[in-house]
Amino acid sequence: KYTSSVMVDSNKANLLQIWRTWSNISLMPQWDKDCLSARLESTLEEGKALYITMHDSPNDDKKCVLTKLSEPGVSSKAYTGFHFEFVVPLAVISFQYEAVLIDNTDTIQLTHSTEISGILSGIYGFALKTKIKEGCDHMSQSIPPLAALQPSNNNLDQGEVTKAK
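The written sequence of each chain sets the order in which its residues are numbered from 1. The predicted nature of this model means local features are confined to residues of pLDDT at least 70 and side-chain atom pairs, given and counted, to a pLDDT of 80 or more, with totals for whole chains, interfaces and linings taken over all residues. The side-chain values count all of the structure's non-hydrogen atoms but skip hydrogen atoms and water molecules.

What follows deals with the overall build of the protein. Every helix listed is a DSSP run of H or I at least four residues long, and every strand listed is a run of E at least two residues long, numbered separately from the N terminus. Within the protein one finds 3 helices and 7 strands. The N-to-C order of helical and strand elements in the protein reads β-α-α-β-β-β-β-β-β-α. Based on C-alpha atoms, the radius of gyration is set beside the globule rule, defined as 2.2 Å times the residue count to the power 0.38. On C-alpha atoms alone, the protein measures out to a radius of gyration of 16 Å, which is about the 15 Å that the 2.2 N^0.38 rule sets for 165 residues. Each residue is placed in one exposure class: buried if its accessible area under a 1.4 Å probe, protein chains only, is under 20% of its type's maximum, exposed if it is over 50%, and partly exposed if it falls in between. Split into buried and exposed, the 165 residues of the protein put 44% on the buried side. Look at the contacts in the protein between residues 6 or more apart in sequence, and 53% of them connect residues 24 or more apart. When the accessible area of the protein is evaluated, it comes to approximately 8500 Å², of which 52% is carbon and sulfur surface. Side-chain charges of the protein comprise 15 positive and 19 negative groups, with the mean position of each set lying 2 Å from the other. Here, residues are in contact when the closest pair of their heavy atoms is within 4.5 Å. In these tables, accessible area is a Shrake-Rupley quantity obtained with a 1.4 Å probe, and a residue counts as shielded only by the protein chains included in the view. Neither His nor the chain ends contribute to the count of charged residues, in which Lys and Arg are positive and Asp and Glu negative. To locate a charge, the coordinates of NZ of Lys, CZ of Arg, CG of Asp or CD of Glu are taken.

Between two aromatic rings, the relevant description is the distance of the centres plus the angle of the planes. Working definition: a ring pair exists when centres of Phe, Tyr or Trp rings (six-membered ring for Trp) sit within 6.5 Å. Plane angles under 30 degrees give stacked, over 60 give edge-to-face, the rest tilted. Scanning the model with the defined rule gives 6 aromatic pairs in all. On the basis of an interplanar angle of 70 degrees and a centroid distance of 6.0 Å, the ring pair of F82 and F84 is categorised as edge-to-face. Classification of F82 as buried rests on a relative accessible area of 0%. Ring-pair connections join several aromatic residues into one group, and the members of that group are W22, W31, F82, F84, F95 and Y97. When the ring centre of Y51 is taken as reference, the NZ or CZ atom of R39 above it lies at 4.4 Å. Over a ring means this: the NZ of a Lys or the CZ of an Arg is within 6 Å of the ring centre and within 35 degrees of the ring normal.

A positive phi is found at L90, a non-glycine position, where the angle reads about 60 degrees. Tracing the sequence through the fold places L90 in the loop between β5 (79-88) and β6 (91-101). In the Ramachandran plot, N104 falls in the positive-phi region, its phi being about 60 degrees despite a non-glycine side chain. In this fold, N104 is placed in the loop between β6 and β7 (107-117).

Moving on to the pattern of salt bridges. Oppositely charged side chains may form a pair once their charged atoms are brought near each other. A pairing counts as a salt bridge when a side-chain nitrogen of Lys or Arg comes within 4 Å of a carboxyl oxygen of Asp or Glu. A full pass over the atoms with the stated rule returns 4 salt bridges. For E134, the salt bridge goes to K33, with nearest N and O atoms at 3.8 Å. Here E134, found in helix α3 (residues 121-148), pairs with K33, found in the loop between α2 (28-31) and β2 (35-40); they are 101 residues apart in sequence, far enough to count as distant. Judged by its relative accessible area of 37%, K33 falls in the partly exposed class. Note that D137 is salt-bridged to K133, the shortest N-O span being 2.8 Å. One end of the pair is D137 and the other is K133, both in helix α3 and 4 residues apart, which spans about a single turn. By relative accessible area, D137 is classed as partly exposed at 25%.

Further remarks concern the nonpolar core. Residues W22, M28, W31, L50, I52, F82 and F84 are the most contacted members of the largest nonpolar core, which totals 41 residues. Beyond its immediate stretch of four places on either side in the chain, F84 contacts M28, L50, I52, C64, V65, L66, T67, I93, S94, F95 and Y97. Each nonpolar core is a collection of buried residues, namely Ala, Val, Leu, Ile, Met, Phe, Trp, Tyr and Cys, held together in the definition by side-chain atoms within 4.5 Å.

Dropping the structure here:
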């Protein structure tokens, strides 16, 4: 598993803006340097398909499954998450994007993780480790400025923050 984190000033990009960046699938190529394009099969719901076209295989859409969607203010006012999985032969690659408002601060911890599981996880991990590290690091740096451009009408002000789940 590889994880990259960055601290974000919530006055510059709040949880709702981060959520809007992740959930607007058309923005994915702007924060995922390997992504050429992305589209939803239907609606943005857990269990639904997300198709991603990568720069290294522009004629091959990769089918992923949305596994966890946590809009801020629904399950917790201090957390948002966007997770999906991509199945490869004898392994699963999981991508986890999470943002947590740190208690009693104006700071959000933005974390991107990639984990490979299954029989061939060691082989895929070895083959993809540099690409995964570079991708996670790039996402951690590119999400905050993109999020700052999203609408910020935020009803998740500090007085309403609850403990993150």
